[in-house]
Amino acid sequence: MADAIKINGGCYCGDITITGEVSSDKIMACHCTDCQKFSGAPYRAVAVIAADAVKISGTVTEFLKIAESGNKRLQGFCGKCGSHLYAADPAKTLFMIRTGCLDQHHELVPAKHIFGKSAVEWVGEIADSSWVAEGPASATMTPFKKA
């Protein structure tokens, strides 16, 4: 049985808050081209949560995206600061909360990678790149080093 993880977080400016609970086996990295385009990143980590297990407070701006498949997905974000918060079905029965907006984002390890056919080829080699601790001129470091 997967572990339940309590979550909380929200948008960058604080106008929108999110609280809830996610099963550890429902944390995923989505490599679909829509997530790549919406996030400006090679993939997006999400916590898949049923509507009755999450509470979102504040005014969320939504954009309705129609995928190539014809499926409709709401993209929720803060209209003030622009933080991406979730994708949901139009009935809002299931949310894919963006883990980057959650305080527990370091603990929310994807149990599954979805839309792998769209993944950028270099993502599996990222740990082998040159890493620095902060800005471009900061000290070099070894990523993912366990304490």
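One can find the structure itself at the top, above this paragraph.
Residues numbered from 1 in each chain as written. Predicted model: local features only at pLDDT ≥ 70, side-chain atom pairs only at ≥ 80, totals over all residues. Heavy atoms only, no water.

Caption draft 1: Here's a closer look at the overall build of the chain. For the chain, the helix and strand inventory stands at 1 helix and 10 strands. Going residue by residue from the N terminus, the α and β elements of the chain occur as β-β-β-α-β-β-β-β-β-β-β. Radius of gyration (C-alpha) of the chain: 16 Å, near the 15 Å computed for a compact globule of 147 residues. Counting only C-alpha atoms, the chain reaches 45 × 40 × 30 Å along its principal axes. Per-residue burial for the chain yields a buried fraction of 32% across its 147 residues. Look at the contacts in the chain between residues 6 or more apart in sequence, and 50% of them connect residues 24 or more apart. (Helix = DSSP H or I, 4+ residues; strand = E, 2+ residues; numbered from the N terminus. Rg over C-alpha atoms; globule rule 2.2 N^0.38 Å. Buried < 20%, exposed > 50% of the residue type's maximum accessible area, 1.4 Å probe, protein only. Contact = heavy atoms within 4.5 Å.)

Caption draft 2: A look at the environment of proline 143. For proline 143, the position within the fold is in the segment after strand 10 (112–114). What makes proline 143 buried here is its relative accessible area of 14%. Distance in space between the C-alpha atoms of proline 143 and glutamate 62 is 35 Å, their sequence separation being 81 residues. Setting aside its immediate chain neighbours within four residues, proline 143 contacts Ala127 and Trp131.

Caption draft 3: A look at the sheet that holds strand 5 (residues 54–57). Judged by pairing direction, the sheet is antiparallel, and its 3 strands sit side by side in the order 1-2-5 without closing on themselves. Two strands in the sheet have a free side with no partner beyond their single neighbour: strand 1 (4–10) and strand 5. Taking the axes of each pair of neighbouring strands and ignoring which way they run, one obtains an average angle of 15° across the sheet. Note: strand 1 against strand 2 (residues 17–23), 7 bridges, orientation antiparallel. Residue pairing for strand 2: glycine 9 is matched across the bridge by isoleucine 18. (Pairing = 2+ DSSP bridges. Axes fitted to C-alpha atoms, helices over the stretch in contact; angles between N-to-C directions.)

Caption draft 4: Local environment of the side chain of histidine 31. Within the secondary structure layout, histidine 31 lies in the loop between strand 3 (27–30) and helix 1 (33–39). You can call histidine 31 buried: its relative accessible area is 3%. Here histidine 113 takes part through its side chain, which lies 2.8 Å from a polar atom of the side chain of histidine 31. Discounting residues that sit within four places of it in the chain, histidine 31 has contacts with Gln36, Pro42, Tyr43, His113, Ile114, Phe115, Ser118, Ala119 and Val123. (Polar contact = N/O pair within 3.5 Å; in protein donor to acceptor, adjacent residues only side chain to side chain.)

Caption draft 5: Here's a closer look at the sheet that holds strand 9 (residues 94–98). Pairing within the open sheet is mixed, and its 7 strands lie in the order 6-7-8-9-4-3-10. On the outer flanks of this sheet lie strand 6 (60–66) and strand 10, each paired with one strand and no other. Direction aside, neighbouring strands of the sheet carry axes that sit 30° apart on average.

Caption draft 6: Layout of the side chain of glutamine 75. Tracing the sequence through the fold places glutamine 75 in strand 7 (residues 72–78). Those residues within four positions of glutamine 75 in sequence are excluded, and the remaining contacts are Phe38, Arg44, Thr61, Glu62, Phe63, Lys65, Tyr86, Ala87 and Arg98.

Caption draft 7: Broad picture of the packing of aromatic side chains. Counted according to the given criterion, the structure contains 2 aromatic pairs. Each ring, one from phenylalanine 38 and one from phenylalanine 63, has its centre 6.1 Å from the other, and the planes form 65°; the classification is edge-to-face. Here phenylalanine 38, found in helix 1, pairs with phenylalanine 63, found in strand 6; they are 25 residues apart in sequence, far enough to count as distant. Seen from their ring centres, tyrosine 86 and phenylalanine 95 are 5.0 Å apart, and the 80° between their planes marks the pair as edge-to-face. For the pair tyrosine 86 and phenylalanine 95, a shared accessibility class is recorded, and that class is buried. (Phe/Tyr/Trp six-rings, centres within 6.5 Å; stacked < 30°, edge-to-face > 60°.)

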